[in-house]
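One letter stands for each residue in the lines below.
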Amino acid sequence: KSEPPAVFHWLPVVGNAVSYGTDPYKFFTENREKFGDIFTFVLLGKKITCYFGLDGNEFILNGKQSDLNAEEIYGPLTTPVFGSDIVYDCPNSKLMEQKKFVKFGLTQRALEDHVPRIEGEVFDYIKGSGVFRGESGTFDVSKTLSEITIFTAGRALQGDEVRAKLTNEFASLYHDLDMGFQPANFMLPWAPLPYNRRRDAAHAKMRGIYLDIIKKRRDGGSEERSDMIWNLMNCQYKDGRPIPDKEIAHMMICLLMAGQHTSSSASSWMILHLASRPDITEELYEEQVQNLAGGGRLGPLQYGDLDKLPLLRNVVKETLRVHSSIHSVMRKVRKPIPVPGTSFVVQADKVLLASPLVTALDEEFFPNAKHWDPHRWESRADKDGEDEEEEGGDVPISKGSRSPYLPFGAGRHRCIGEKFAYLNLSVIVATMVREFRFYTLDGKKTVPRTDYTSLFSRPVQPAMARWERRYS
Ligand code: HEM
């Protein structure tokens, strides 16, 4: 058995960091053409073995806990940001329990309650932010949508107290914490650099805010409702212990950060695509008028309405296919593992890297793959059958890790935020297209390039578009 082929590099430690860091998708596809689906490259002293295609997704995402490990890779980066004793700073079995707690908090009932909160936040933003004054104008799509997304998720998932703080002190704490997600922090998470000091100070303050909210709630200060803090306050580990307040605080910070980049990148790309395709914006608007208004005026959105808006769902789905903000999913190899169906073995000095983006943009699975076309899902056999989470059982294993379309990952580390993300993104976009039409500044059918320089990819900044109010 041999090792997978290695990508050439000039600089010993840096390795291929520059080409991978500037455009990982290009790096993946160029080397895939040369070496096939499996090859190794060097990233800042670490040997990374990529494995793409359906088999690669399956091998890495559904790998056994005894063979592969996520916490060793993600822990150093995330623990200073999220805090201790949760997610990647605890045994995997504890993470599995924590993920189940979060899923309890995303019941249908909670999701139903979230719809008017999200819609209300979007309206408040449109009225109060100053971005949409007058009848038309231009706006910075990424900045605007990342603000809207944090306010909607804040109101719905995090609760009223957190939302109330988002406009002032919390926003700068969030920013300082976020700066902890530097690519360099994979290697040097505790380096005494100014951004790490600010990250640690922000973490301590943010934890204090959550602990204070929890304490006030326990002391009977507010009425119980369907947000995640209340849900976690009512959960118990298998051994009967309630979740310690400190862990609740850390889990809430984790959810805030996990949902924000991914969702705000998706909502920005959606508006940018709609600006490049005013015809689809009109179709989305008409879909609401036809299916929700029954010939009259459009009323407030309700949870059940979303099932009547298939094009809206496909706009979210297609955007997540073309623009995954998570381009690399990594696991540390714990012991030599033979790669089924090949002559290769991956040794324990390697990190494995999967990128579902590679299959999502592969012509073999999606004809004209680079083209954003929400209508493509209408005729696909897998239109309803994409990777769904399995209910029950101790580990949230998903069925479909051999799918070419895995924007939420698969296996034991699969995303638990999918339902909330779909709801949040759908309500944001539905509300925006009721109010506005969007256009590119130059009238062309193009969207900005992708910026890969931060850990999560997003449109190159500033990504501007033009808006026009539908009615005055
Ligand atoms: C995990 C994508 C929204 C919480 C993941 C993973 C992916 C992903 C690909 C797997 C990572 C891996 O295997 O290493 C997305 C996308 C989102 C989104 C594309 C939005 C469009 C959210 C939201 C939340 C959330 C809103 C919180 C409510 C999590 C958590 C994990 C995760 C806690 C767990 C990781 C683990 O078990 O290691 N997400 N996510 N995500 N996501 Fe999301």
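In what follows, the accompanying structure is described. Computed from a prediction, not measured in an experiment: that's the story for all the values here. (Residues numbered from 1 in each chain as written. Predicted model: local features only at pLDDT ≥ 70, side-chain atom pairs only at ≥ 80, totals over all residues.)

### Side note on the overall build of the protein
Then, number 1: Within the protein one finds 16 helices and 12 strands.
Then, number 2: Here the C-alpha radius of gyration of the protein, 22 Å, is about what a compact globule of 472 residues would show, namely 23 Å.
Then, number 3: In terms of principal-axis extent, the alpha carbons of the protein reach across some 70 × 55 × 45 Å.
Then, number 4: For the protein, the proportion of its 472 residues judged to be buried stands at 43%.
Then, number 5: Relative to all contacts within the protein whose residues are 6 or more apart in sequence, the contacts with residues 24 or more apart total 73%. (Helix = DSSP H or I, 4+ residues; strand = E, 2+ residues; numbered from the N terminus. Rg over C-alpha atoms; globule rule 2.2 N^0.38 Å. Buried ≥ 20, exposed ≤ 12 C-beta atoms within 10 Å, placed from the backbone. Contact = placed C-beta atoms within 7 Å.)

### Details of unusual backbone geometry
Then, number 1: Of note, the amide linkage connecting Gln461 to Pro462 takes the cis form, showing an omega dihedral of -15°.
Then, number 2: Along the polypeptide, Pro462 turns up in the loop between strand 11 (458-459) and strand 12 (464-469).
Then, number 3: Non-glycine residue Asn368 carries a positive phi angle of around 55°.
Then, number 4: Take Asn368: it is sitting in the loop between helix 15 (356-360) and helix 16 (418-435).
Then, number 5: Looking at Asn368, the number of C-beta atoms within 10 Å reads 9, which means it is exposed.

### As for the nonpolar core
Then, number 1: Ranked by size, the top nonpolar core spans 116 residues in total, and within it Ile248, Met252, Ile271, Leu352, Val429 and Ala465 carry the most contacts.
Then, number 2: Ile248 has contacts with Tyr210, Ile214, Ile229, Leu232, Met233 and Ile243, leaving out every residue within four places of it along the chain. (Core = buried A, V, L, I, M, F, W, Y, C linked by C-beta atoms within 7 Å.)

Nothing here speaks to function; it is all geometry.
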